[in-house]
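Overview (structure and organization)
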Amino acid sequence: RDIVQAEVDAIAGVSEDSEPCKQLVSEGYEPFLARRALAFSENNVDNARAILIADQEDQEAEEAEAAAAQAEIEAQQKEEGYRTSRGGCDSWRFRRLRALQAARQ
């Protein structure tokens with residue numbers, strides 16, 4: 001809880017009206033995220049930009065991973081439907097993918 005409060009306090013210390021924040025917002029970053037990155041980088045715009053880029057890359061990677069997992073689940077469901085209609089049984093892989101999907105939500 002103390003860590004979260006320290007982060008909130010650090011972000012509150014960066015004004016949306018500050019020049020570094022305005023610069024990052026003009027580059028397309030959300031004001032809150034720009035303030036957060038500036039707080040972590042001690043108002044260094046280049047470092048804040050690097051934080052924002054890394055955060056975007058992480059988010060894109062997570063979304064791609066989730067989309068791939070979802071596609072695999074859908075393919076498995078189609079296969080599972082085929083197996084069930086042909087008298088097959090549940091697949092361990094299907095159950096594993098379902099558990100992965102539930103954990104990500």
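Above this text you will find the structure in question.
Below: a short report on this structure. As the structure is a prediction and not an experimental result, all values here were calculated from the model.

What counts, and at which threshold
Residues numbered from 1 in each chain as written. Predicted model: local features only at pLDDT ≥ 70, side-chain atom pairs only at ≥ 80, totals over all residues. Heavy atoms only, no water. Axes fitted to C-alpha atoms, helices over the stretch in contact; angles between N-to-C directions. Helix = DSSP H or I, 4+ residues; strand = E, 2+ residues; numbered from the N terminus. Parallel < 35°, antiparallel > 145°, perpendicular 65-115°, else oblique. Contact = heavy atoms within 4.5 Å. Nonpolar A, V, L, I, M, F, W, Y, C, P; charged D, E, K, R; others polar. Buried < 20%, exposed > 50% of the residue type's maximum accessible area, 1.4 Å probe, protein only. Arc of directions from axis to C-beta.

Our next topic: the packing of helix H1 (residues 2–12) against helix H3 (residues 31–40). When two helices pack together, their arrangement is given by the angle between their axes and by how far apart the axes lie. In the contact formed by H1 and H3, the axes pass within 8 Å of each other and the chain directions differ by 105 degrees. What the angle tells us is that H1 and H3 run roughly perpendicular. Facing Glu-7, Ala-10, Ile-11 and Ala-12 of H1, the residues of H3 in contact are Phe-32, Arg-35, Arg-36, Ala-39 and Phe-40. Within the contact of H1 with H3, the residues separate by chemical class into 6 nonpolar, no polar and 3 charged.

Okay, helix H2 (residues 19–26) next. All of the buried residues along H2 are Pro-20, Cys-21 and Leu-24. Projection of H2 onto a plane perpendicular to its axis shows the buried side chains occupying an angular sector of 100 degrees, all on one side. In this structure, H2 carries Glu-19 and Ser-26 as exposed residues pointing more than 90 degrees from its buried face. Remark: Gly-28 follows H2 within two positions and exhibits a positive phi of approximately 105 degrees.

On to unusual backbone geometry. Although it is not a glycine, Glu-42 adopts a positive phi angle of roughly 55 degrees. By the secondary structure assignment, Glu-42 is in the loop between H3 and helix H4 (45–85). One non-glycine residue, Asn-43, lies in the positive phi region at around 65 degrees. Tracing the chain through its elements places Asn-43 in the loop between H3 and H4.

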